[in-house]
Amino acid sequence: MDSHANLYATVDLDAIAHNVGVLRERSGSDVIAVVKADGYAHGAVAVGRTALGAGAIALGVAQISEARALRAAGIDGHLIAWLHTAEADFAGAIADGIDIAVSSPRQLELVLAQARRLGRTATVTVKLDTGLARSGVSPEEWAQTADAVAAACAEGAISLHGVMCHLAFGDVPDHPLNSQQAQRVDDAVADLRARGVRPQLVHIANSPAALTRPDLARDAVRPGLSIYGYSPVPDIGDFGLIPAMTLETRISLVKRIPAGQGVSYNHTWVAPADTVLGVVPAGYADGVPRLLSGRFGVHVNGRIFPNVGRVCMDQLVIDLGPDGGGVAEGDRAVLFGPAGAAGGAPVPTATDWADTIGTIDYEIISRIGSRAVRRYVGGPGGDVDA
Ligand SMILES: *Cc1c(COP(=O)(O)O)cnc(C)c1O
């Protein structure tokens, strides 16, 4: 750790590349790497570049602003953005050659208006609601949308690149809705073909489906979580995925306290005996959930030391024990990472944190805050701080 920051999210780009390979192999299909929410907080540009370098055919994000930021950073691969309000920057997306996934005939109309105004052909994907009942063209609006797509293609205002949907039960591989959703996509593609329109890129599967239901892949799968190395179905397997992020810092202070001393806000923990505390400069503003207070440990010098007292906005406290555990100010402290991120005891994982507080690892990793400096190791560019 070679800059002055307190806290680092170290991202192993070789792990990202490896995970893309795992997904290609397991799904037997091309991969669209999902890098929304700043690459699940790993850094969308570095992850996106690495995924494309490892053979991903496109990157997926939610918002047009996210796709435009990737373009501005010099990524020239295929980019798909699928979540828009009426105020979205459709003109910017068209100018940047971003594939705009539309969820209604109204959104298609807005894209068309900008394409006509700019005199350019917009690249469009149709996003279908085949059962998730979230974004996507509803069954009620499908015929109208298919007609509008065909007319816009004939006009040359759009080129229909893709058709996509998102699964409601991807993490329940045998759920009957998975195959029904895929069938509805196939039916919609047939409807478009009957109107003379042929999408080139049909995609359905998220991480769990990419890993467990290769039969649902059409032209590509569209994983997010597993790109970052987490299994969305840990009961089924880890598939050889490698978690890419290690959240790490250094002990900022070591101090001795007497028995009876309460620690952190409201003294929710009181030292039962004389002990030594270590202060860890990471808190809930950095994505360490306050709900974890007193329910997790931090890896220092090969050992796990328990958090005591409340997790605060910027810092938390660990109990180093009466002999101080041999821990000194400045020692490396690992909050979570792949099990082998440091020697000695296995390092806690983001999944451990999620399980402890009753959420999912998606939420843990995507909430790692901007104050954690992203530091990249591995990958073609070697090690860099960002
Ligand atoms: C987030 C998202 C994905 C990726 O899902 P994972 O479960 O992280 O693989 C795929 N498609 C859409 C539409 C999404 O919103």
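Scoring rules and cut-offs
- Residues numbered from 1 in each chain as written.
- Predicted model: local features only at pLDDT ≥ 70, side-chain atom pairs only at ≥ 80, totals over all residues.
- Heavy atoms only, no water.
- UniProt positions renumbered as here; feature names shortened; annotations may be inferred.
- Salt bridge = Lys/Arg side-chain N within 4 Å of Asp/Glu carboxyl O.
- Helix = DSSP H or I, 4+ residues; strand = E, 2+ residues; numbered from the N terminus.
- Buried < 20%, exposed > 50% of the residue type's maximum accessible area, 1.4 Å probe, protein only.
- 1 Å grid on protein atoms, 1.4 Å probe; cavity = no way out; pocket = protein on both sides within 12 Å on 5 of 7 lines; lining within 4 Å.
- Contact = heavy atoms within 4.5 Å.
- Points joined across faces, edges and corners; volume = space filled by probe spheres on them.
- Nonpolar A, V, L, I, M, F, W, Y, C, P; charged D, E, K, R; others polar.
- Arc of directions from axis to C-beta.
- Near = heavy atom within 4 Å.
- Polar contact = N/O pair within 3.5 Å; in protein donor to acceptor, adjacent residues only side chain to side chain.
- Areas by Shrake-Rupley, 256 points an atom, 1.4 Å probe, with all protein chains shown as cover.
- Sits in = over half its atoms within 2 Å of the grid points.

As recorded in an unreviewed UniProt entry, the chain goes by Alanine racemase and comes from Gordonia sihwensis NBRC 108236. Database annotation for the chain, UniProt heading Function (unreviewed entry): "Catalyzes the interconversion of L-alanine and D-alanine. May also act on other amino acids." Turning to the chain, the UniProt record has this under Pathway (unreviewed entry): "Amino-acid biosynthesis; D-alanine biosynthesis; D-alanine from L-alanine: step 1/1."

(A) Highlighting the pattern of salt bridges. Enumeration over the complete set of coordinates arrives at 12 salt bridges. Across the salt bridge formed by E155 and R116, the nearest N and O atoms sit 2.7 Å from each other. With E155 in helix α7 (residues 139-155) and R116 in helix α6 (residues 105-118), the pair connects residues that are 39 residues apart, well separated along the chain. What makes R116 partly exposed here is its relative accessible area of 43%. The partner of E248 in a salt bridge is R332, and the shortest N-O contact between them spans 2.6 Å. Taken together, the residues E248 in strand β10 (residues 245-250) and R332 in strand β18 (residues 332-336) connect sequence positions 84 residues apart. Residue E248 is classed as buried on the basis of its relative accessible area of 3%.

(B) Region of the structure containing the UniProt feature "active site" (unreviewed entry) in the chain. Under the UniProt annotation, "active site" (unreviewed entry) lies at K36 and Y265. Spanning 230 residues, the named residues do not form one spatial group; their C-alpha atoms are separated by as much as 35.2 Å. Of the annotated set, the members that line the largest pocket are K36. Mapping K36 onto the fold places it in helix α2 (residues 36-40). On the basis of relative accessibility, which here comes to 26%, the residue K36 falls in the partly exposed class. Discounting chain neighbours no more than four positions away, the residues touching K36 are G60, V61, A62, E66 and W82. As for its placement among the helices and strands, Y265 is situated in the loop between β12 (262-263) and β13 (269-270).

(C) Quick look at the layout of surface pockets. In this structure, the largest pocket occupies an estimated 760 Å³ of space. Listed by contribution, the elements that provide at least two residues to the lining of the largest pocket are α2, α9 (207-212), α10 (350-357) and α11 (361-366). When grouped by side-chain class, the residues that make up the lining of the largest pocket number 17 nonpolar, 10 polar and 7 charged.

(D) Quick look at the environment of L320. As for its placement among the helices and strands, L320 is situated in strand β17 (residues 316-321). Separated by 111 residues in the primary sequence, L320 and A209 have C-alpha atoms spaced 43 Å apart. Other than its neighbours up to four places away in sequence, L320 contacts V254, V276, L277, G278, F305, G325 and V327.

(E) Representation of helix α4 (residues 64-72). Every buried residue of α4 is listed here: I64, E66, A67, L70 and R71. Along the long axis of α4, the arc covered by the buried residues comes to 160 degrees, so they all point the same way. Those residues of α4 that are buried are in contact with α2, α3 (44-53), β3 (58-61), β4 (78-81) and α5 (90-95). Positive backbone phi, at 95 degrees, marks G74, one or two positions downstream of α4.

(F) Examining the UniProt feature "domain: Alanine racemase C-terminal" (unreviewed entry) in the chain more closely. UniProt tags residues 244-377 as "domain: Alanine racemase C-terminal" (unreviewed entry). Across residues 244-377, the secondary structure splits into 10% helix and 35% strand, with the terminal C-alpha atoms separated by 10 Å.

(G) View of the site of the ligand. The ligand sits among 14 residues. The nearest are K36, Y40, S207, G224 and Y362. K36 has a polar side-chain atom sitting 2.7 Å from an oxygen atom of the ligand. A distance of 2.5 Å is found between an oxygen atom of the ligand and a side-chain nitrogen or oxygen belonging to Y40. In isolation the ligand offers 390 Å² of accessible surface; the protein chains occlude 95% of this area. Under a 2 Å grid-point criterion requiring more than half of the atoms, the pocket assigned to the ligand is the largest pocket. When grouped by side-chain class, the residues that make up the shell around the ligand number 7 nonpolar, 4 polar and 3 charged.

(H) The arrangement of the environment of G97 in detail. Following the sequence through the fold, G97 ends up in the loop between α5 and β5 (99-102). For G97, a relative accessible area of 34% puts it in the partly exposed group.

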